[in-house]
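Observations on the model geometry
Chain residues, written in single-letter form:
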Amino acid sequence: MATVCQCFPHSRSTPGFCVTLTLAVLLFCSYPALSKKKLYIGALFPMSGGWPGGQACLPAAKMALALVNDRADILPDYELELIHYDSMCDPGEATKLLYDLLYTEPIKIVLMPGCSSVSTLVAEAARMWNLIVLSYGSSSPALSNRQRFPTFFRTHPSATLHNPTRVQLFQKWKWTKIATIQQTTEVFTSTLDDLEERVKEAGIEISVRQSFLTDPAVAVKNLKRQDARIIVGLFYETEARKVFCEVYKEKLYGKKYVWFLIGWYADNWFKINDPSINCTVEQMTEAVEGHVTTEIVMLNPETIRGASNLTSQEFLDQLMSKLGGKNSEETGGFQEAPLAYDAVWALALALNKTVGPLKAKGRCLEDFNYNNRDITAEIYRALNTSSFEGVSGHVIFDAQGSRMAWTLIEQLQGGGYKKIGYYDSTKGNLSWYGNDKWIGSGPPADQTMVIEEFRYLSQKLFVSMSVFSGLGILLGIICLTFNIYNSSVRYIQNSQPYLNNMTAVGCMMALAAIFPLGVDGLHVHRKHFPVVCQLRFWLLGLGFSLAYGSMFTKIWWVHTVFTKKDEKKDKKKHLEPWKLYTTVGILLGIDFLSLMIWQIVDPLHITVEKFTREAPKGDLDVLIQPILEHCSSEKMNTWLGVVYGYKGLLLLLGIFLAYETKSISTEKINDHRAVGMAIYNVAVLCLITAPVTMILSSQQDASFAFASLAIVFSVYITLVVLFVPKMRRLITRGEWQSDAQEAMKTGSSMNNNDEEKSRQLERENKELQKIIQEKEERVSELRNQLSERQALRSRSRPSTVSNQNHNTPPLTTPPADPRSLVPPPGYPTPTSDLHTVPACFGNSSRLYQPDNKISRNNCHTNRLQMLYQ
């Protein structure tokens, strides 16, 4: 009774009056009155703005109101009346209109906003006035928040209902990379957030995410720059025209691109004259061709008469007559018109369902005011349990108040939209017509197709180097066989044949390393490649230690012995072979130990080097990604620095020792000069090759050719320098026999020391001949002087005495000074008479033989005395 009295606050509240009033209300509610009571609906229809959906939705709502009010079985005692304003899809304008609706009589029982931005404002404020909000055109996912919008319902499904369909299409066309561009409004931001979660679960990546407020030019350019191919666009119709005008300018359309748009635009939205863009209709048509839309099924595809007793086609016919023959494609909200129509029917059916429960509580719908929560709760329960067939399909709401529906998939083909499938998100069922059409041969790739192409070594180069390596190994075998077979020959023995054998084996190992150096992924499987990497380093490392280490040992010994002082030289001159072998073993052990530690601590594995992508010839949407495989480890540079540093110092020391011992001659190691030449060759090639191959590591052919040629040249030169002279000597001189046979055959042939002595005597003979010639000239000069003196004396004597001169005895030579007859150092003291000059001195030419040689047997002692005088 108190409640009834509250309906008339200005009346007197006496107990008798209230009882009478209560009975009157009960009678009034129980029996039909002569005139229906009005229930007012406050609505906001955007007739312009970003989505002018009111152009078609308002006539559809009025059609539904007229049918509801004419029905005797639905709200027979009430008449629904629509009070509507143009919100222009602008939240600011909607705020002013909402104020007018709330604070202007009459009281509105329900609010019906349109676009999402306006619905967000209205639904958030409506709970303060205990108002139910039923939207016909809001798709924002944010409106599904029951805590924020507790009284909100909508016949337009949430925009998130598009996302399962989009994900299904991405998977169907095998796309794993997409891009997005959105208008910065809450509806599109929340939709995109939901899409991002769904694609992440499906293993799809959003590579580019762009947004704009009013001008999409920069966002479209960023999409082009970042090679976006599959693009989801979320924006209103007016912004869609701006976007695709920029799309045309940036050439972001065609067979390489696919655009996903919202399906509730007008069918000819891209042909509408828009002064905000500077693109023609033809340009816009070219830019939008082939795009795909996902659209909530807003018109029942089946011929079923629902609650309004109209089929979907009959509804469209009546709507077209209401529009006065206006082109549906140019009418905003034409696709959403069935949703507005069903929204009025959903409200009417829900209000009709509340009449009974309210009557049982002694209340009526007309008792509603903004402070009455009970009536609001009854309307909420009635809407939440709604389920009927409408012209848009089966109308049912989920727990968040959103409409559940199918999704229609369309594609723009030849300037018109074609249905290509349906998707039922509740069952995950995709109905596909198979009439999708593409500019190319099929759906484009989601990104530029990158084809990985491995760079392999040139097989011609590999075969060529392998042939040289094989021939070098054959030469090494020949040299090794020769050295072993002739190891009993003294000349070979004096060259330390065991060290030469090590050199030959090391050279063959180095040549064998060329084969694994040229082996790559073309020849072996990837999992076996680390074994090839290890084989390269082991063969090169141990081969270098054997070949270069044995030569270095020879030079080291020669330098150690022959560069010491004379008093220490004799003590160290005896050669002990085990010391030489120990030196080689130490060098070999260092390499073995370092390689073993490297392999255990930081094993080699395959690393891939990627180069700049290359575009192939032709109009192919692919790029070639060159890839080169390398043998590497985690600390490759550190290990190479240690190895190269150690071996580099060894090479430099070898060059120094070879230079220091170039003039030394010894029969203990008779080929040390050849070893020095080989060391020069190996050191120079290695010191040049090591840094060059590191620089050329990205060029597989050049790197392999440089390293292989360095190995081949150093090995060939080493083998030729060390072994070919020995072969030539043994062949030309016939020194193939052992020492005893050689002595029997050659008899008095001189050995190396005899040859040295013979050459020394020849030099001494030449020096003596020169001295004799000088003495003869001196003797001739003295004789001439003596003759002149005798002539002068004969002239000065009187003529009488001249006759006596004929009887004068011959002039005798005065005795020589005994000191002048002392022989030179090293010659024996003469035993002949020292008082007179021998007669043989008269012709000094007899001092030497006709063959210009003086021997110790035919050189007279007196002659030597006179010669040195």
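What you see is a predicted model; the values in this text were computed from it and never measured. (Residues numbered from 1 in each chain as written. Predicted model: local features only at pLDDT ≥ 70, side-chain atom pairs only at ≥ 80, totals over all residues. Heavy atoms only, no water.)

This next bit is on the overall build of the protein. Per the secondary structure count, the protein includes 27 helices and 18 strands. In the protein, which comprises 869 residues, the share counted as buried stands at 45%. Excluding contacts between residues fewer than 6 apart, the proportion of contacts in the protein whose partners are at least 24 apart in sequence is 73%. When the accessible surface of the protein is split by element, carbon and sulfur atoms take 57% of a total near 44700 Å². (Helix = DSSP H or I, 4+ residues; strand = E, 2+ residues; numbered from the N terminus. Buried < 20%, exposed > 50% of the residue type's maximum accessible area, 1.4 Å probe, protein only. Contact = heavy atoms within 4.5 Å. Areas by Shrake-Rupley, 256 points an atom, 1.4 Å probe, with all protein chains shown as cover.)

Counting residues in hydrophobic clusters, the biggest one holds 139 residues, and the most contacted among them are Phe 244, Trp 259, Phe 260 and Trp 269. Leave out the neighbours within four places in its chain, and Phe 260 touches Leu 169, Phe 170, Trp 173, Trp 175, Ile 230, Ile 231, Val 232, Gly 233 and Val 292. Within the second largest apolar cluster, 42 residues are counted, among which are Phe 482, Val 489, Val 675 and Met 727. (Core = buried A, V, L, I, M, F, W, Y, C linked by side-chain atoms within 4.5 Å.)

As a further point, take the pattern of salt bridges. The tally for this structure, following the rule as stated, stands at 18 salt bridges. Between Arg 198 and Asp 194 there is a salt bridge, with its nearest N and O atoms 2.8 Å apart. Pair noted here: Arg 198 and Asp 194 are both in helix H7 (residues 186-201), with a separation of four residues, about one helical turn. (Salt bridge = Lys/Arg side-chain N within 4 Å of Asp/Glu carboxyl O.)

The next thing to look at is the confidence of the model for the protein. Mean pLDDT over the protein works out to 81, with 83% of the residues at or above the 70 mark. Between the elements of the protein, mean pLDDT differs from a low of 40, seen in helix H1 (residues 2-6), to a high of 96, seen in strand S4 (residues 132-135). The model gives residues 737-751 a pLDDT under 50, and that stretch makes eight contacts with residues more than four places away or in other chains. Scored below 50 in pLDDT, residues 799-869 shows 53 contacts in the model against residues more than four places distant or in partner chains. (pLDDT = per-residue confidence, 0-100.)

Take empty space enclosed by the protein next. For the coordinates displayed, the defined rule picks out seven cavities of 30 Å³ or more. For the largest cavity, the full set of lining residues is Trp 51, Cys 115, Ser 116, Gly 137, Ser 139, His 156, Val 187, Phe 188, Tyr 236, Trp 264 and Glu 336. Each residue belonging to the lining of the largest cavity can be placed in one class, and the counts come to six nonpolar, four polar and one charged. (1 Å grid on protein atoms, 1.4 Å probe; cavity = no way out; pocket = protein on both sides within 12 Å on 5 of 7 lines; lining within 4 Å. Points joined across faces, edges and corners; volume = space filled by probe spheres on them. Nonpolar A, V, L, I, M, F, W, Y, C, P; charged D, E, K, R; others polar.)

This brings us to helix H18 (residues 529-562). Here H18 is 34 residues long and its end C-alpha atoms lie 49 Å apart, about the 50 Å a rise of 1.5 Å per residue gives. Within H18, 27 of the 34 residues are buried, which leaves the element mostly enclosed by the surrounding structure. (Expected span 1.5 Å × (residues − 1).)

So, on to the state of the cysteines. Inspection of every chain in the model, using the stated rule, returns three disulfides. The disulfide bridge from Cys 89 ends at Cys 115, spanning 2.3 Å between sulfur atoms. Separated by 26 residues along the polypeptide, Cys 89 in the loop between strand S2 (78-85) and helix H4 (91-102) and Cys 115 in the loop between strand S3 (108-112) and helix H5 (116-126) bring together distant segments of the chain. The residues Cys 89 and Cys 115 share a single accessibility class, namely buried. A sulfur-sulfur separation of 1.8 Å characterises the disulfide bridge that pairs Cys 533 with Cys 631. Between Cys 533 and Cys 631 the sulfur-sulfur dihedral comes to about -75°; the bridge is accordingly left-handed. A residue pair is termed long-range when its members are at least 10 positions apart, and Cys 533 in helix H18 and Cys 631 in strand S18 (residues 622-632) qualify at 98 residues. Looking at the unpaired Cys 507, the closest cysteine sulfur is the one in Cys 479, lying at 8.7 Å. (Disulfide = S-S within 2.5 Å.)

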